[in-house]
Amino acid sequence: MDLDAQGGNSRVFQRLGAQPANDTRQQKVCHHWRAGRCSRHPCPYLHRELPPPAPAGSNGNASKRGFSNDSGFSGPSGTRRSGNFSNSSSWGRVVNNKVSRKAEKVCNFWVQGKCSFGDKCRFLHSWSLGESFSLLTQLDGHKKVVTGIALPSGSDKLYTGSNDETVMVWDCQSGQCSLQCMGVIQLGGEVGCMINEGPWIFVGVPNVVKAWNTQTNTDLSLNGPVGQVYALVVGNDLLFAGTQDGQILAWRFNAVTFNFEPAASLTGHTVAVVSLVVGANRLYSGSMDHSIRVWNLETLQCVQTLKEHSSVVMSVLCWDQFLLSCSLDQTIKVWAATESGNLEVTYTHKEEHGLLTLCGMHDLEGKPVLLCSCNDNSVRLFDLPSFSERGKIYAKQEIRAIQTGPGGLFFTGDGTGQVRVWKCVAEPTAVA
């Protein structure tokens, strides 16, 4: 994997390796080989794809400015395991790409169940590419894009929310999910987002946040949002909601009344807030105004505005002492605190498509893995901090929801309404 001059990764995919120096065959790919029926031995044409020209490489754009290593980020999604990348200079340094590639496209005929080439087909007969994870099952039921997935702690239920105005409940047993849906909750509005915190499930729908307690069966409605609720997060005993009108509303739970009471309204974004995350005693908000705002969780005041992205900031993620953000501008940016305490970009990873959702997890060996969905209907899995690609997941439409679970499980929800259940597996070791 090469790094381009702007610090992004420009992947060079070679299907069967580079051409040997003594290969005198014509520099043309055999069309009969592509169709899986070449009978000429030897054939005067190539039985492999020509590699694309590699872009000029560099070491990325890691900043040489100082940064703090004690800012308190605690791993993806609040985990306490180390990401093993405490130095900003390690971002983007590729050690090894372990993905064995066949083609970067799923066979359309295979999807329809009528590909006649079988193993000889040059396209993928699988919804994934990579050996470090596998597909367990798929859950069908939603009619529109899945926008939220929640797995409450201590619960054996999986909840999925969709733009079809429903939340579906699935039974989880022995670390896997059955195909049978236990129930459907009609909400009367499109689900913009969904999270869980302890026994609570919070669902954002137009003009309201629904709050359900899975232990007491309490059902609450939190009023105040204007328009769709696109993002939810819990931090410092407050529930925050990013709304369509650019506000961030906050509620605090009152144990006496067993209800959530309005606590604050954070203003500053000019259009919809579509992503929220909490880390290092800060709230980070990504917006359609192309900016990220940093809020002090104690004072609820904006302390910094980050304007490095050139399009919608779709997702933000705290991991160790770093903030990661992705955007429709086709970049993932890694932010680190300088000596002054302000955040600055320390590395930029570039893709060929707009980026939608970030999710962090650890594999079975404890190595940090970043999942990033793109608007080409795929999810990239990257080793961190190198951003070396370890695999891909494909779907019929964009994957808008990614959620991790226990024991190496993770879930994806796509634009067709389908939810897939995946599991990390041990990578095969080479035999000497």
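The structure presented is a predicted model; accordingly, all values stated were derived computationally and were not measured.

Q: Can you help me understand the overall build of the chain in this one?
A: For the chain, the helix and strand inventory stands at two helices and 31 strands. A total of 432 residues make up the chain; the buried ones form 51% of that total. A fraction of 49% describes how many contacts in the chain between residues 6 or more apart in sequence connect residues 24 or more apart. As presented, the chain carries roughly 19,600 Å² of accessible surface, and 47% of it is formed by carbon and sulfur atoms.

Q: Honestly, the nonpolar core in this entry has me stumped. Any pointers?
A: Nonpolar side chains tend to gather and get buried jointly when the protein is soluble and globular. With 23 residues, the main nonpolar core has Trp91, Leu324, Ile332, Val334, Leu358, Leu370 and Phe387 as its most contacted residues. Breaking this core down by element, the ones donating at least two residues are strand 21 (313–319), strand 22 (322–327), strand 23 (331–337), strand 25 (355–362) and strand 26 (368–374). Of all hydrophobic cores here, the second largest spans 19 residues; its members include Cys359, Ile393, Ala395 and Phe410.

Q: Can you help me understand the pattern of salt bridges in this one?
A: For the coordinates displayed, the defined rule picks out seven salt bridges. For aspartate 156, the salt bridge goes to lysine 157, with nearest N and O atoms at 2.8 Å. The partly exposed category is assigned to aspartate 156, whose relative accessible area is 37%. Across the pair arginine 390 and aspartate 383 runs a salt bridge whose closest N-O atoms are separated by 2.6 Å. Here the two residues arginine 390 and aspartate 383 agree in accessibility, since each one is buried. Via salt bridges that share partners, Glu351, Asp376 and Arg380 belong to a single interconnected network.

Q: Help me understand the pairing of strand 14 (residues 238–243), please; the structure alone is not making it clear to me.
A: Two faces make up the sheet, and in a regular strand the side chains alternate between them. Among the six residues that make up strand 14, six are buried, leaving the element largely enclosed by the rest of the structure. Alternating residues of strand 14 divide into Leu238, Phe240 and Gly242 and Leu239, Ala241 and Thr243, and every residue in both groups is buried. Bridge analysis of strand 14 against strand 15 (residues 248–254) gives five bridges, and the strand direction is antiparallel. Looking at strand 15, one finds that leucine 238 is bridged to arginine 252.

Q: What should I look at first to understand the packing of aromatic side chains in this one?
A: Across all of its chains, the model carries 12 aromatic pairs by this definition. Plain terms: the ring middles of tryptophan 200 and phenylalanine 260 are 5.1 Å apart, the flat faces sit at 80° to each other, and that makes the pair edge-to-face. With a gap of 60 residues between them, tryptophan 200 in strand 10 (residues 200–205) and phenylalanine 260 in strand 16 (residues 259–266) connect regions that are remote in the sequence. The pair formed by tryptophan 200 and phenylalanine 260 is uniform in burial state, with each residue classed as buried. When the centroid spacing of 5.5 Å and the interplanar angle of 55° are considered together, the rings of phenylalanine 382 and phenylalanine 387 count as tilted. As far as the burial class goes, phenylalanine 382 and phenylalanine 387 line up, both buried.

Q: What should I look at first to understand the environment of glycine 286 in this one?
A: Along the chain, glycine 286 falls in strand 18 (residues 282–287). Dropping the residues within four chain positions of it, glycine 286 is found in contact with Val273, Val274, Ser275, Ser291 and Val313.

Q: Can you help me understand unusual backbone geometry in this one?
A: Trans peptide bonds make up most of the peptide bonds, and negative phi angles are found at most residues other than glycine. Here leucine 384 and proline 385 are connected by a cis peptide whose omega angle stands at 5°. The backbone of asparagine 207 shows a phi angle near 70°, a positive value even though the residue is not glycine. Take asparagine 207: its relative accessible area is 42%, and that puts it in the partly exposed class. We note that leucine 300 has phi near 60°; this positive angle belongs to a residue other than glycine. According to the relative accessible area criterion, leucine 300 is buried, its value standing at 17%.

Q: I keep staring at the pairing of strand 19 (residues 292–296) and nothing clicks. Help me out?
A: Among the five residues of strand 19, five are classified as buried, and the element is accordingly described as predominantly covered. Neither face of strand 19 is exposed, since Ile292, Val294 and Asn296 on one face and Arg293 and Trp295 on the opposite face are all buried. Note that strand 18 and strand 19 share five bridges and pair antiparallel. Pairing of serine 285 across the sheet is with arginine 293, part of strand 19. Hairpin connection, strand 18 to strand 19: the antiparallel pair is bridged by four residues, and histidine 290 has positive phi, about 75°. Two strands pair when backbone bridges link them, and strand 19 and strand 20 (residues 302–306) are joined in this way by four bridges, in the antiparallel orientation. Its bridge partner lying in strand 20, isoleucine 292 is registered against leucine 306.

Q: Hey, could you run me through the side chain of threonine 331 in this one?
A: Inspection of the secondary structure puts threonine 331 in strand 23. A polar side-chain atom of threonine 331 sits 3.4 Å from a polar atom in the side chain of histidine 309. Here threonine 331 is in contact with His309, Ser325, Cys326, Thr348, His349, Lys350 and Leu355, once residues within four sequence places are set aside.

Rules used in this analysis
Residues numbered from 1 in each chain as written. Predicted model: local features only at pLDDT ≥ 70, side-chain atom pairs only at ≥ 80, totals over all residues. Heavy atoms only, no water. Helix = DSSP H or I, 4+ residues; strand = E, 2+ residues; numbered from the N terminus. Buried < 20%, exposed > 50% of the residue type's maximum accessible area, 1.4 Å probe, protein only. Contact = heavy atoms within 4.5 Å. Areas by Shrake-Rupley, 256 points an atom, 1.4 Å probe, with all protein chains shown as cover. Core = buried A, V, L, I, M, F, W, Y, C linked by side-chain atoms within 4.5 Å. Salt bridge = Lys/Arg side-chain N within 4 Å of Asp/Glu carboxyl O. Pairing = 2+ DSSP bridges. Phe/Tyr/Trp six-rings, centres within 6.5 Å; stacked < 30°, edge-to-face > 60°. Polar contact = N/O pair within 3.5 Å; in protein donor to acceptor, adjacent residues only side chain to side chain.

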